[in-house]
Structures are given as structure tokens and as C-alpha cells.
Amino acid sequence: QFLYFIDTMSAVQDDTKPVIKRRRTAEEKAKAKEHPEVNPDPKLCDVWLPRKRRFCGFSKLGDKYCGHHGSERVPCTVNPNHTVKKSELESHIRVCSDRHMLPPSEQPYYKKGVNLGQPATGETGSLDKEEQEKLLVEVTKLVQTYNFEEPIIDDILPWPPQSELQGPAKAKAAKHSSQIDSLLGHMHKQGILPNSEPTQESAYPYDFIEFGAGKGSLACSVARVLFGDYDGKAPEGQRLFLVDKSNFRRKSLHPSFNRIQVDLQDFVVSAIPGLKPVCGFSKHLCGVATDFTIKCYLNNPDSVASLFVALCCHHRCEYVSYSNLEFLSSIGITSAGHFAALKRITSWTVDGNPESDQQHKKLLGRKAKRILDLGRVLKLREAGYNVTLKTFIDEETTPENCLLTAIKQCK
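Conventions adopted
The residue count restarts for each chain, going from 1 along the sequence in the order it is written. Per-residue local features of the predicted model are confined to residues with pLDDT of at least 70, and side-chain atom pairs are confined, for both listing and counting, to 80 or more; whole-chain, interface and lining totals are unaffected and use all residues. Note: side-chain values were computed over all heavy atoms of the structure, leaving out hydrogens and water. Stacked, edge-to-face and tilted are the three classes for Phe, Tyr and Trp ring pairs, Trp counted by its six-membered ring, which pair at centre distances within 6.5 Å; planes under 30 degrees apart are stacked, over 60 edge-to-face, the rest tilted. The classification of residues rests on relative accessible area computed with a 1.4 Å probe and restricted to protein chains. Under 20% of the type maximum is buried, over 50% is exposed, and intermediate values are partly exposed. For a lysine, the NZ atom is tested; for an arginine, the CZ atom; a charge sits over a ring if that atom is within 6 Å of the ring centre and within 35 degrees of the ring normal. Note that a disulfide, as used here, is simply two cysteine sulfur atoms within 2.5 Å. Paired strands, as defined in this entry, are two strands with at least two bridges between them according to DSSP. Where helices and strands are cited, they refer to DSSP runs of H or I of at least four residues and of E of at least two residues respectively, numbered from the N terminus. Lines fitted to C-alpha atoms define the axes, with helix axes restricted to the stretch in contact, and inter-axis angles between N-to-C directions lie between 0 and 180 degrees. In what follows, residue pairs with any heavy atoms lying within 4.5 Å of each other are defined as contacts. Think of a salt bridge as a Lys or Arg side-chain nitrogen and an Asp or Glu carboxyl oxygen that are within 4 Å of each other.

Caption draft 1: Up close: the packing of aromatic side chains. Within the structure shown, the criterion is met by eleven aromatic pairs. Plain terms: the ring middles of W48 and F55 are 5.1 Å apart, the flat faces sit at 80° to each other, and that makes the pair edge-to-face. Accessibility assignment for this pair places W48 and F55 in one class, buried. Note on Y206 and F208: the rings are 6.3 Å apart at their centroids and 65° apart in plane angle, and the pair reads as edge-to-face. Grouped by ring-pair contacts, the aromatic residues Y109, F211, F267, Y297 and Y385 constitute a single cluster. In this arrangement the basic side chain of K361 is found over the ring face of W348, its NZ or CZ atom lying 4.6 Å from the centre.

Next comes the structure, spelled out in C-alpha cells:
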């Protein structure tokens, strides 16, 4: 009835039946593209603008064209929706505001699979369920008997440094903020973040990179400590990069941000032009992304200085990309099947079942996680880093509460 009312009213107003629109024919479209060769106004530019179906409205500087159209123009190779002077194309590409639209393969910091590793043999896909269960029993015994000698330091820090620690966080937002505060505290403890007020006058000796940045909440907190609130611009020569393979909605914003969209397995940090020694950080860098980041550090030793990573999601590690397969082989994890069983054990850490047997499995899962973390620690130490594992937040806030800190030692 409502639709009929609208139809009736339109017919009454127009005194005719509603007009049915039809598509234009090819001849009509071709005729619509026709236009005069010269601007009817002799004072205005003779360039026809097809999208606007009119001539340019700027005054002529010469015989035919305005200053904008006076020289030969070509589509921008980054985004062809706008044009630039042919003579300025090369310099324009370096500063084009649409450079983020370039596919990663055309970026200087992209090299396919550079942090990936070599293909593995014996993948679990070729094993049936019975064989996988046998490997699980075998690896469980290895985890139980392994003598874990690497100390894990309880070091929960507040931010600002002079403030008092709060109790375990309950609300979701408070859980994130308390973890960020502790990470900032650890960066301050190592001399990375300043004691003084934020500055916009002198640059720090580091460039900062958040690996696996996501929306960038941790980077935003670091930027506010370094440069001030949301209107605080970084001093000249100072940069803060956010690296992630995805583009997120509702991102955190700060004037100092430089976003890089690339998969960490393809990321060459030293290829960023004019890079200072890098201070890298991340809150909960999932599984294999941690190994990509460590390999990125190992492959670019002259470009990096320190790393702060809250470790998590060990069940998402990959045998082919793990950063220290030699260590795993030395303790009996010699194949992709063994590695898959070890990953399966790590998932027991976050099992919510309070029964005693499940608590035993939870302890085994945590030990399996630390075995994977120990391999990462040893690999970074071989490369000349002072590396520690720390409990940076209480387990009630998050069971993924282990922080890896790596500071490059001066030669």
C-alpha cells in the first residue's frame, strides 16, 4: 500500500506515469564524448576535462594552456588517477602521498621469503592420526625430562617509572593498558625511553619500529612518551614505523607514524632509506611472526640495536621458519612431526580446566613454550645480543606474560 501511495503521488505531481529510465545506446555515449576543440572563452585554458565534461577553468598563461596544463603531463605511476608533469615524474614518485598503494613487491624493503627459511621434510600432513599420537607421547616425555636452566625473571614494571604497581587487571581495556605500561617500563629501564619530558627539538639515536603493529596502540603509547600527545610531531630526522601485513580500520593515529604494509617474512629492515639503529618492539607477536622478526634482525645486523617482544601463540609457530632448528635437534626435536607435537603441547598452557590433571598439562604446556623461547634466546646470543626472558605482567592478566628483551652488545 505504501509503494502504491508513492507511485500514485508521483503520477499526480507529474500528471503522467512515472518515467522508466533506460540505458544509453553506444551512439548516445559516443555523442556525449564529443566536445569542442577550443574553449569558447578565449581567456581560459583549452584542456577538456572528461570527468567534469567541461573545459579547465584556469586562465591561459600562453597561447593555449594554463600553468597547470602548460607542459606535457603523464599519469602518476603510483596512482594513475592523477597526473604530473613528465619532467617531474621521478621526483614526484618519491614523495607521492599515494605510495602506500604500491604493491609490496615494488617497495625497496620487500624481498620475497627473505626471513622464511628452507623447505622442511616430513610435514604432519603426511602422518595419520595414530602416528601423530605416538609422536605426541614421545615429545611429551622429552618436555618432562628436559632440564630448563634459563632463568625467567619476575619483573613487572609500572609506567610512569615513579608510580606504584596496580593489582591484576580485570577489565579488557585495563588488561591491555597494564601490559603496555610494563613494556614502556622495560624500555625505559634499558635506557630506550627518556626520563625527561617529551621533546620535539632533538632526535633520539634510534628509529623505532613496532613489528606486527595491528592498530598501533603500543606504538601510539611510545610516540606519546617520546614526542608528546596526539598533536606532538617528531623532530626532524626522527621516525616511528609500524609494520604489519594487513591494513586495519580504526587505527591508532599519531603525527609521527609511518606505516609499512608488508609481511614480516618479506621484510628487509635495512632497505629503509636513512635508517638509524632500530629499537623494535611488539606486544604479543604471534608465533611465526616472532621468528620472522628475529631472522630480520639476524639478516640485518648493522641496522638494529634492541628488541622487546611479548611472546605468545607458540602453537602458530612453523617448523620451516623457526629461528633455531639446531637447538631443537640437539634436544630430540628432529622433524616437522616432532615440532607439530611440541606446538600441540604449548596449547595446553591456556587450558581453562581447573582439574588437577589439567593443571599438570598446563605446566607442561608452559615448559614447552619456554623451550621454544630458549631456542630464540640462544640464537640471538650467538649474534651478540644480551638476551633475557622476563615475566612482565601477572598471569591473572594474561597467561602469555613472557617478555623477550635483546640488547645489542657494543663491540
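Caption draft 2: Representation of the state of the cysteines. In the structure shown here, the tally under the stated rule is zero disulfides. No disulfide involves C56; its sulfur sits 3.9 Å from that of C66, the nearest cysteine. Judged by its relative accessible area of 3%, C56 falls in the buried class.

Caption draft 3: Here's a closer look at the sheet that holds strand β5 (residues 152–154). In space, the eight strands of this open sheet follow the order β5-β11-β12-β10-β9-β6-β7-β8, with mixed pairing throughout. Two strands lie at the open edges of the sheet, namely β5 and β8 (257–261), each paired on one side alone. Taken pair by pair, the neighbouring strands of this sheet meet at an average axis angle of 20°, ignoring direction. With four bridges joining them, strand β6 (residues 207–211) and strand β7 (residues 240–244) adopt parallel strand pairing. Within β7, the residue paired with E210 across the bridge is L242. Strands in contact with helix α7 (residues 288–299) are β6, β9 (278–286), β10 (304–312) and β11 (385–391); relative to β9, the strand with the most contacts, it is inclined by about 165°.

Caption draft 4: Structural detail: the pattern of salt bridges. Summed over all chains, the structure comprises 14 salt bridges. Ionic pairing is found between E326 and K379, a salt bridge with its closest N-O pair at 3.9 Å. Of this pair, E326 sits in helix α8 (residues 325–330) while K379 sits in helix α10 (residues 356–382), placing them 53 residues apart in sequence. As a salt-bridge pair, K369 and E400 come within 3.0 Å of each other at their nearest N and O atoms. Here K369 is found in helix α10, whereas its partner E400 is found in the loop between β11 and β12 (402–408), with 31 residues between them in sequence. Like K369, the residue E400 is buried in the burial classification. A network of salt bridges, in which partner residues are shared, links D291, R370, D373 and R376.

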